[in-house]
Amino acid sequence: MNEYLKNIMNSDIPIIKYDLFSKYDFINHGFTTKKGGVSKGYYSSLNLSFTRGDEKEDVLKNYHLLAEKIGEDIEKFVSSNQTHTNNIRIITGEDAGNGIVKEQSFIDVDGMLTNEKGIVLFTYYADCVPLFFADPVKRVVGMSHSGWRGTVKKIGAKTVDMMVEKFGCDRNDIITAIGPSICKDCYEVSLDVIDEFRKIFDEDRIKEISVDKGNGHFMLDLWKANEYILMDAGILKEHIENRRICTFENSDVLFSHRATNGKRGNLAGFISLR
Ligand SMILES: [Zn+2]
């Protein structure tokens, strides 16, 4: 197991954090593991999804436990509505509680941004790539869900563009992190997926992000693909952090869709301004 992951697993509710973000006391962020909740069976134990068949009371209890752990108000938690789009919503106080303590009020939202203090943005994962964003100068934070479809749709670049257009952020100031997700050694895809990437990357890049196994199957590196997309959007290389934690290889402590044939809960990435 990754040394960092091993160390934090001693905690009651382990939270994976990124140094680029942790150095600002006005940014609260992190990524959960399976440990520390009350859900049972294959949702055990810190499942944060209401939509995968788990007991609603258990999931809500998990959010309460997490709220206490991270020092935030559950009434201000905001859930995404992920459907592999590249739609990004700017979240305000009016959305507080959405999808967690209140009904879900919007659909098809895979990325969220806010500049309001206390609002906690939540996106969900079990192999797909979490992208964290913050501009510590303009004080804007965001998260985007970038599975292979979102990656082809360049949701990372779109998030950066929206930070610039809607909040006046400078690309040189924006910090990002690529969160726990399935790595290139574990993520096998078929040719049709690679063909989608050919629409956004030239052949040199395709060789950088994939390995042809010769049987119509490829190993795909979503981390590198997202790095390219973020750098093309003007993010500095030193502003992209990746702890290289693979969900599939660590499925004892992280939910992995592939490792469980879909019998799993959801992890969450969250970010807020204090
Ligand atoms: Zn792996």
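The rules we used
- Residues numbered from 1 in each chain as written.
- Predicted model: local features only at pLDDT ≥ 70, side-chain atom pairs only at ≥ 80, totals over all residues.
- Heavy atoms only, no water.
- Helix = DSSP H or I, 4+ residues; strand = E, 2+ residues; numbered from the N terminus.
- Rg over C-alpha atoms; globule rule 2.2 N^0.38 Å.
- Contact = heavy atoms within 4.5 Å.
- Areas by Shrake-Rupley, 256 points an atom, 1.4 Å probe, with all protein chains shown as cover.
- Lys, Arg positive; Asp, Glu negative; His and termini not counted.
- Charge placed at Lys NZ, Arg CZ, Asp CG, Glu CD.
- Pairing = 2+ DSSP bridges.
- Phe/Tyr/Trp six-rings, centres within 6.5 Å; stacked < 30°, edge-to-face > 60°.
- Lys NZ or Arg CZ within 6 Å of the ring centre and 35° of its normal.
- Core = buried A, V, L, I, M, F, W, Y, C linked by side-chain atoms within 4.5 Å.
- Buried < 20%, exposed > 50% of the residue type's maximum accessible area, 1.4 Å probe, protein only.
- Polar contact = N/O pair within 3.5 Å; in protein donor to acceptor, adjacent residues only side chain to side chain.
- Axes fitted to C-alpha atoms, helices over the stretch in contact; angles between N-to-C directions.
- Donors = N, O, S within 2.8 Å, 3.2 Å for Na, K, Ca; no water.
- Tetrahedral: all angles 85-135°; square planar, octahedral: opposite > 155°, others 65-115°.

Asks: Explain the overall build of the protein chain here, please?
Replies: The helix and strand inventory of the protein chain stands at nine helices and 14 strands. The globule rule puts the C-alpha radius of gyration for 274 residues at 19 Å, and the 18 Å found for the protein chain is close to it. Sequence-distant contacts in the protein chain: of pairs separated by 6 or more residues, those separated by 24 or more amount to 67%. Of the roughly 11500 Å² of accessible surface on the protein chain, a fraction of 46% belongs to carbon and sulfur atoms. Positive and negative charge centroids in the protein chain, built from 36 and 41 side chains respectively, lie 1 Å apart.

Asks: Got a minute to help me understand the sheet that holds strand β6 (residues 120–125) in this structure?
Replies: What the five strands build is an open sheet, ordered β1-β2-β14-β6-β3; its pairing is mixed. Bordering the open sheet on either side are β1 (15–16) and β3 (77–79), each of which pairs with just one other strand. Bridge count for strand β2 (residues 27–32) against strand β14 (residues 267–273) is five bridges, and the pairing is antiparallel. Residue N28 lies in a different strand from β14, and its bridge partner there is S272.

Asks: I would appreciate a short explanation of the packing of aromatic side chains in the present structure.
Replies: Two measures describe an aromatic ring pair: the distance that separates the ring centres and the angle between the ring planes. Under the counting rule described, the total for this entry stands at 12 aromatic pairs. Centroid distance Y24 to F26: 5.6 Å. Interplanar angle 50 degrees. Geometry classified as tilted. Of the aromatic side chains, those joined through ring pairs into one cluster are F50, Y63, F77, F122 and F270. A cation over a ring is seen here: R139 above F26, with NZ or CZ 3.5 Å from the ring centre. The ring of Y228 has R205 lying over it, and the distance from NZ or CZ to the ring centre is 4.0 Å.

Asks: What is the right way to look at the nonpolar core in this model?
Replies: Side chains that are nonpolar tend, in soluble globular proteins, to be buried together. Among the nonpolar cores identified, the biggest contains 40 residues, and W148, F197, F201, I209 and L220 are the most heavily contacted of them. Elements that contribute at least two residues to this core include exactly β7 (129–135), α4 (148–152), α5 (155–167), α6 (191–198), α7 (203–209), β12 (217–220) and α8 (222–232). Residues L121, A126, A134 and F255 belong to the second largest nonpolar core, which totals 33 residues.

Asks: Honestly, the pairing of β7 in this entry has me stumped. Any pointers?
Replies: Here is the key point about a regular strand: its side chains alternate between the two faces of the sheet. With seven of its seven residues buried, β7 lies for the most part within the structure. Here β7 shows no split at all, with V129, L131, F133 and D135 on one side and P130, F132 and A134 on the other all buried. Two strands pair when backbone bridges link them, and β7 and strand β8 (residues 140–146) are joined in this way by seven bridges, in the antiparallel orientation. If you follow F133 over to β8, its bridge partner there is G142.

Asks: Explain the environment of D127 to me, please; I cannot follow it from the model alone.
Replies: Considering the arrangement of structural elements, one finds D127 in the loop between β6 and β7. The exposure class assigned to D127 is buried, which follows from its relative accessible area of 7%. It is 14 Å that separates the C-alpha atoms of D127 and M219, two residues lying 92 residues apart in sequence. Excluding residues within four positions of it along the chain, D127 makes contact with S181, I182, T247, F248, F255, S256, H257 and R258. A distance of 2.8 Å separates the side chain of D127 from the side chain of S256, its partner in a polar contact. Engagement of the side chain of D127 in a polar contact is seen with the backbone nitrogen of H257, the distance being 3.0 Å.

Asks: In this structure, what is going on with the sheet that holds β7? I would like to understand it.
Replies: An order of β4-β5-β8-β7-β9-β13 is seen for the six strands of this open sheet, with the pairing classed as mixed. The open sheet terminates on both sides in strands that have one partner only, identified here as β4 (88–90) and β13 (240–242). Between one strand axis and the next, the sheet turns through 15 degrees on average, direction left out of account. In the packing of α8 onto the sheet, the strands contacted are β7, β8, β9 (175–178) and β13, and the crossing angle to β7 comes to about 30 degrees.

Asks: How do you make sense of the environment of N261 when you look at a structure like this?
Replies: Of note, N261 is situated in the loop between α9 (257–260) and β14. In sequence terms N261 and T123 are 138 residues apart; their C-alpha atoms lie 21 Å from each other.

Asks: Would you mind showing me how to read the coordination of the zinc ion here?
Replies: Ideal geometry at a metal gives 109.5 degrees between four tetrahedral donors and either 90 or 180 degrees between six octahedral ones. Taken together, C183 (SG), C186 (SG), C246 (SG) and E249 (OE) make up the protein donors of the zinc ion, found 2.0 to 2.3 Å from the metal. Coordination at the zinc ion comes from four donor atoms whose angles at the metal span 93 to 117 degrees, giving a geometry best classed as tetrahedral. Binding-site remark: the zinc ion is held by donors from one chain whose sequence spacing is C-x2-C-x59-C-x2-E. For C246, a relative accessible area of 3% translates into the label buried. Residue classification places E249 among the partly exposed residues on the basis of a relative accessible area of 48%.

It is worth stressing that arrangement in space is one thing and function is another; only the former is reported here.
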